[in-house]
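These are the residues of each chain, in order.
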Amino acid sequence: MLRLLSHFWTCLLFCVGYGLHCGDARVLTEVQAGPLYRMAGSRLSISCNVSGFIDVNSQKEFEFRVTKPAKTKVLNIISTTDPDFGYNMYRMRGDDITVTRVSPNSVLFEIQSLRKDDEGEYECAVINSEKIYSGTYSAAALVKVIDNSLSVSSPDSTSLSFNEGESLALTCQASSNTIQHTHLSVAWYLHKDGEDNARLIMSLERDFTLRSGHEFQGRYQAGLIRLDKLGEAAYRLTMDRLEVADRGRVYCQAQEWIQDPDLSWYSLTQMTTREVSLDVQGKADLVPDGTSVVVRLSVQQTSLQEGQKLLLTCSVDTQKLEEKFFSVAWLQAGVELARIGPTGVLSVKSDYSQREKQGELRASRIGDREYRLVLQSVTADDQGGYICRAWPQERGQHGAFVQGAAQDSGVQLVSVSAPASGLSVEMQNSVHVNEGGKMTLNCTVHGVKSHLSVAWQRKLTSTAAFTSVASLSQEGVMETAAEITNQVRLTRPAADVFILELDEVSLADSGAYQCVVSEWNSHNKTNSQSQTAMLTVAPTESLVSVRLISRSNIVTIGDNVELMCRVKGPRIPVTLTWILQRGTSPRDNILTLYSDGAISWSGEQHRYQLRIENTPSERIYFLLINGASHSEAGSYQCQVSVFQNNVYKKLPPSNPTAVTVQNPESDLTLTSSPALTTKINSDISIKCSVNSSRSGSSRHAVTWILQKQIQNITIANSDRDSSVTFGPTVEDVHSQRISIQQTKGPSFQLTIRNALTSDQGTYICEVVEWLQDPSGKWYHLTPVSGTTRLTLIEPVNDLLLDPTRKWVTAREGDEVQLKCDLISDAPSPSVFYKITWFYTSRGSPAVNSLLQLDHTGLLRYPKNQGLHGLQGRLRLSRPNPRTFGLTIQKVHEEDSGTYRCLVEQYQLGQEGHWQQKASVDGGPIMLSLNMTENNLSITRTELKLNSSTRQNFPIPCHIATRSSPESKFQVTWFWQEKNQSERHPLFTCYRNATLHDRSGWGQRLRFSHALPDRFDLTVSNPTLQHAGLYSCEVEEWILTLSNHWRKVAVENSGYSIVSIYSQGEKGAVSGYSSGIWIAVLVAILVCLSLVILALALKLKRAKTSEKTAGESLWMEQHHLKTKFNTED
């Protein structure tokens, strides 16, 4: 049963959906939702799809057009049928503009390289090949073309070489100056020789997630490959333990993404850095021979003074020493100073490279097993523990050395004391510089006795070590560290003053800077002194303030608006963008003024002017709007960005300033006749003249309205182009009597021929003045109206209708007769009548025309979608000459209300024209319906049930009487705890047979509906928590004639009080169980009575047989029978 009901509702919903679909428009044309932001020079793709044509497989033809910003002219671009469809300006672009057919119902429109003037609203239109029009045959998407401001660069060298196992670090800087909300993605690629496609190493996606390439996934998961974002625009790739397979060309690629209105992401543009050639030298596998190595370290002198020489000798002993190779390194406090490789090549760590260049550090092999390190002109920093470390080296198959296990010597402690010296260094403690500015540090020396050298060092974090920036030797030779990207200058304006200058400092340059001054005696350093200063770089956004003001931001159309963007801060090159947001639309660029003076226009160039004014404290950027219109209304902002260190840095935008453009006040005045009286059946003319208006070039639209009692009826209107349309309630027969004429002045005249009594009332002439704004768009002012009261004089007549109010009561579905009776004299045969019935629904003031039978016998039904069902059930009759009847068949609940008739009397004139003689209204007829009475009742038996946890108990809900045989029921069972008032719904059976378990009790509830009026719910395997009060609630529903469900009644049953006890406990027999046992006992007694009665009858029959036989009972006289008689 449930399955059949399910299929029934499915089919019903399908039919309803299909009917609604058939009632809607069929054809639908779709393109991507706009606005679509695209970069100049990039590709534009617009997909156009159409559905709903009868012939789905036929090839559809499409046309593409564009409307440029603030222009009403539509330009043809390209068509799938006509090669000459597009304007010449588009045809000349050749293959740059194409349309490709994807399927019979869809095409793809593309512009390979967008231009700034391609901005506009693009429309896709499908050519209708069918005979009917039903639906939408075009769709449009707004395209905004913005400048490409993506900047990508890398400060790294174009050629790098590493040994296998070493680490690589590369930096990429990527930024954009786009004001729209965009995301950047940055990726590093490895392009190997001989391969067409590059391999992804690591990327930071647009959703800020990291993704590694397939070949590098294992190393990324092991933590050997990282991609870190440093600051706002720097991205660093780190690869530990380089492999020979990493050889190739490495580059960084940045993409700028924007999210379209359909929530899909689109790549606006992409740029790559120059390629870095990466070479990785490999090593062969090591095969250890197990030979032990002994390493010793000796120091010539362990106690030194600053400026003296430190000699560290390292000896390596092992068997067959002359056949083996070693790498030897010296370490201080765990930090490597220098290393001699197996081929005798010296390598010095970066912290000591400057001393090695100045000759203060030397290392060499002085014998078969001895290696010597010399530190000359030691300082206090050189004291501490030293060790020597040696690695055996084996040659591999390809000649490369493979490093073995390290062996360390013992620790040698060296102390360095400072000799008496008058050398001292003085430098400011802190320096503050603006971002992009120049840093200058002065280092002043006191107590100079000999030649001096200076080394400038810095550390950018508190935990980092000092690294070299630049140095100036005692001979005046200057050296700059390779990793310093700023322009560095070292000067010595006086013998005791050293100056360090860094140009275009960034936030990353903040940190501690150290000036180390050394005193030299011949080629030996005798003393060193240092001083540290903290550099603080102030970010640009903390220095620059942007404020937008306007002297007048509420203007009238045609007025000029001047906006001032005041930029205060240091004199640095800036790029300024003017932004406009109209309502809830996305922000638009008006124009961008670049730091080099170039201007990029995005709006209408002739609508704006730009001016710059410089003052000692600020720069003021003026934006002048010439002749403002509603298109220029909105919220304006100016935004400043700076381009520092190859990175765009957008500063916070200015405060928004709203520009409101208002329409001017209307100067329109009208002249109209206040009252007009004329006879019925004559032609009338109502005139409305314009005395004054705002402009001689303005246009006017007029609407004529007839005011009757509580409602206004639009008769006709003429738009600004003099196109006339009639109101929706004006029927065709009446529109033929009405005309509108416009004459000089201008004056507007409404003419009604052969006036009828229904034309009587107050006529409103509503005039709207239309003007053109400076951009050529039309706008209207406040409407002005004039009124004329029309009174029609009817000839004396004796037409009278019964004016008394009548009440009619019926039941839903009955047939109702409404009558409108003449009480005047008997009508003449030469007189004809026009009858109109009106209806006012209950609770509504609107008077609706139901139907009309005119004097020529023509029956009309005024169009009214809400009354369509009622009009189809109406029948007119005239049972006698004095009675006009209206019959409503199968009256519905919605038919209740007030009915009224209007009778008009017509007679044929001498010229053969119908003339209205009289009209009269009948009295109101009040129709009310008696709905189905509530006769619902359910069994209210109060039950007390005792049940064990292993017994099931039922909760009956039986309907005793119902209101209608056609009614449906919705039954809901409730449960509540004893001594509690809140009821909890357990289970509902809806009127459409849908079941809803609302208890959360799992599979314990079982529903049954054996008879139409019997509903039962059984609780199986109850627990102690299921004890309580149970009841049911029944809702009775009836389907009305208008196919709406109406609730007739709601009734509640009595309570079933249920007690639950555990298995084994003694429980009293419930009233319900007692009834069952009584019924069983009664049945047993009845059966026993029937058995006793049957035995008694048999005995009686046996006695009767004996009397009949009477003769003898001997066997000889009674032969035995071979078969028993059925009676026996």
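Coordinates for the structure precede this section.
Residues numbered from 1 in each chain as written. Predicted model: local features only at pLDDT ≥ 70, side-chain atom pairs only at ≥ 80, totals over all residues. Heavy atoms only, no water.

A. Broad picture of the state of the cysteines. Scanning all chains against the criterion turns up 8 disulfides. Between Cys 314 and Cys 388 runs a disulfide, and the two sulfur atoms are separated by 1.8 Å. One quick way to see it: the torsion about the S-S bond of Cys 314 and Cys 388 is about -80 degrees, and its sign makes the bridge left-handed. Residue Cys 314 is found in strand β23 (residues 310-317), and its partner Cys 388 is found in strand β29 (residues 384-395); the two are separated by 74 residues along the sequence. Put simply, Cys 443 and Cys 515 are joined by a disulfide, and their sulfur atoms are 2.1 Å apart. Between Cys 443 and Cys 515 the disulfide shows an S-S torsion of about -85 degrees. By sign, it is left-handed. A residue pair is termed long-range when its members are at least 10 positions apart, and Cys 443 in strand β35 (residues 439-446) and Cys 515 in strand β41 (residues 511-521) qualify at 72 residues. Between Cys 989, a cysteine without a disulfide, and Cys 957, which holds the nearest cysteine sulfur, the sulfur-to-sulfur distance is 10 Å. (Disulfide = S-S within 2.5 Å. Helix = DSSP H or I, 4+ residues; strand = E, 2+ residues; numbered from the N terminus.)

B. Focus on the packing of aromatic side chains. Under the definition given, this model contains 15 aromatic pairs. Plain terms: the ring middles of Phe 109 and Tyr 122 are 5.9 Å apart, the flat faces sit at 40 degrees to each other, and that makes the pair tilted. Of this pair, Phe 109 sits in strand β7 (residues 106-111) while Tyr 122 sits in strand β8 (residues 120-126), and the two are 13 residues apart along the sequence. The class of Phe 109 is buried, set by a relative accessible area of 0%. Residue Tyr 122 is classed as buried on the basis of its relative accessible area of 2%. Through a chain of ring-to-ring contacts, three or more aromatic side chains come together here, namely Phe 53, Tyr 133 and Tyr 137. Residue placement shows Arg 611 over the ring face of Phe 622; its charged tip is 3.9 Å from the ring centre. For the cation-ring pair, Arg 983 lies above Phe 974, with the distance from its terminal atom to the ring centre recorded as 3.9 Å. (Phe/Tyr/Trp six-rings, centres within 6.5 Å; stacked < 30°, edge-to-face > 60°. Buried < 20%, exposed > 50% of the residue type's maximum accessible area, 1.4 Å probe, protein only. Lys NZ or Arg CZ within 6 Å of the ring centre and 35° of its normal.)

C. Focus on helix α4 (residues 350-357). Residues Tyr 352, Gln 354 and Arg 355 constitute the buried set of α4. The buried residues of α4 all sit within an arc of 140 degrees when viewed along its axis, so they share a single face. Exposed and oriented more than 90 degrees from the buried face of α4 are Ser 350 and Lys 357. Where α4 ends, the next residue or the one after it, Gly 359, has phi of about 85 degrees, a positive value. (Arc of directions from axis to C-beta.)

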